Amino acid sequence: MKTLAASRPFLWLVLALPGAWILYRWAATPEAYGYGHAIGDSGDWAAWLLLVTLAVTPVRLALRKARVAIWLMRHRRDLGVASFAYAAGHTVIYLVNKAGLRPVLAEAGSPDMLTGWLALALFVPLAATSNDIAVRALKRAWKRLHRLVYPAAVLTFVHWALAAFDPTTAYIHIGILAAIESVRVWLQRR
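As the structure is a computational prediction, the values presented were derived from the model and not from experiment.

A.B. asks: I would appreciate a short explanation of the overall build of the chain in the present structure.
C.D. replies: Each helix and strand counted, the chain has nine helices and zero strands in total. In the chain, the succession of α and β elements from N to C terminus is α-α-α-α-α-α-α-α-α. The C-alpha radius of gyration computed for the chain amounts to 17 Å, which stays within 12% of the reference 16 Å derived for 190 residues, consistent with globular compactness. A principal-axis box enclosing the C-alpha atoms of the chain has dimensions of 50 × 35 × 35 Å. Across the 190 residues of the chain, 36% fall into the buried class. In the chain, the proportion of contacts linking residues at least 24 apart, taken out of those at least 6 apart, comes to 64%. As presented, the chain carries roughly 11600 Å² of accessible surface, and 69% of it is formed by carbon and sulfur atoms.

A.B. asks: How should I be thinking about the packing of helix 1 (residues 8–28) against helix 3 (residues 67–98) in this particular structure?
C.D. replies: Geometry of a packed helix pair, given as the angle between the helix axes and the separation of the axes. Packing of helix 1 against helix 3 leaves a shortest axis separation of 10 Å and a crossing angle of 20°. On the basis of their axis angle, the class for helix 1 and helix 3 is roughly parallel. Once helix 1 is placed against helix 3, the crossing between them reads as right-handed. Across the interface between the two elements, Arg8, Leu11, Trp12, Leu15, Ala16, Leu17, Pro18, Gly19 and Trp26 of helix 1 pack against Trp71, His75, Asp78, Leu79, Val81, Ala82, Tyr86 and Ile93 of helix 3. A class-by-class count of the residues in the contact of helix 1 with helix 3 yields 13 nonpolar, two polar and two charged.

A.B. asks: So what exactly am I meant to see when it comes to the nonpolar core here?
C.D. replies: Across soluble globular proteins, nonpolar side chains have a tendency to be buried as a group. Ranked by size, the top nonpolar core spans 18 residues in total, and within it Leu50, Leu54, Phe123, Val149, Phe157 and Leu177 carry the most contacts. Among the elements of the structure, helix 2 (34–63), helix 5 (111–128), helix 8 (149–163) and helix 9 (168–189) are those that each provide at least two residues to this core. For this core, the element with the highest residue contribution is helix 8, accounting for seven residues. Residues contacting Leu54, with those up to four places away along its chain left out, are Val149, Tyr150, Ala153, Leu177, Ile180 and Glu181. Leu15, Ala46, Leu72 and Leu79 belong to the second-largest nonpolar core, a separate cluster that totals 10 residues.

About the thresholds
Residues numbered from 1 in each chain as written. Predicted model: local features only at pLDDT ≥ 70, side-chain atom pairs only at ≥ 80, totals over all residues. Heavy atoms only, no water. Helix = DSSP H or I, 4+ residues; strand = E, 2+ residues; numbered from the N terminus. Rg over C-alpha atoms; globule rule 2.2 N^0.38 Å. Buried < 20%, exposed > 50% of the residue type's maximum accessible area, 1.4 Å probe, protein only. Contact = heavy atoms within 4.5 Å. Areas by Shrake-Rupley, 256 points an atom, 1.4 Å probe, with all protein chains shown as cover. Axes fitted to C-alpha atoms, helices over the stretch in contact; angles between N-to-C directions. Parallel < 35°, antiparallel > 145°, perpendicular 65-115°, else oblique. Left-handed = near helix turned anticlockwise from the far one by under 90°. Nonpolar A, V, L, I, M, F, W, Y, C, P; charged D, E, K, R; others polar. Core = buried A, V, L, I, M, F, W, Y, C linked by side-chain atoms within 4.5 Å.

Set out below in structure tokens:
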């Protein structure tokens, strides 16, 4: 029998806590916390959860039957969907700040915004098909579709580097992404 701490609803509660904290801080202290913090924190959580999701395969290949590897494999889709939820929240915060279609369209073609929109466009079908029904219906095509996560991840971190006031943190995360993918490729070939 599953304990509450091992249940999927509990995992989703834990994954939702940073989002609730972001919304609370933005609503309770808009002058101190403000748009810049809300957009930054939501983007950070989207990126961090994306990195954890991408790290699942190397962890599974390296640790095989370890409990952490098994747990991560069971919850990889949950982590990916949570990453998408934070990316969607990040987008909503951006749209609320722009307060209209005209300013959004005016910026949409700039490299920093274009990479973000392209990443989001790639993540939508991934999030929409991250459920058991889609896995069964798509069969082998599901795995091919979900390989879009790799270009989407690159676009996500390029968006971060281009949109940030100080891209240093984005460059560090790009290095982490490169390390995760290098280890994954090395372990898969081994």
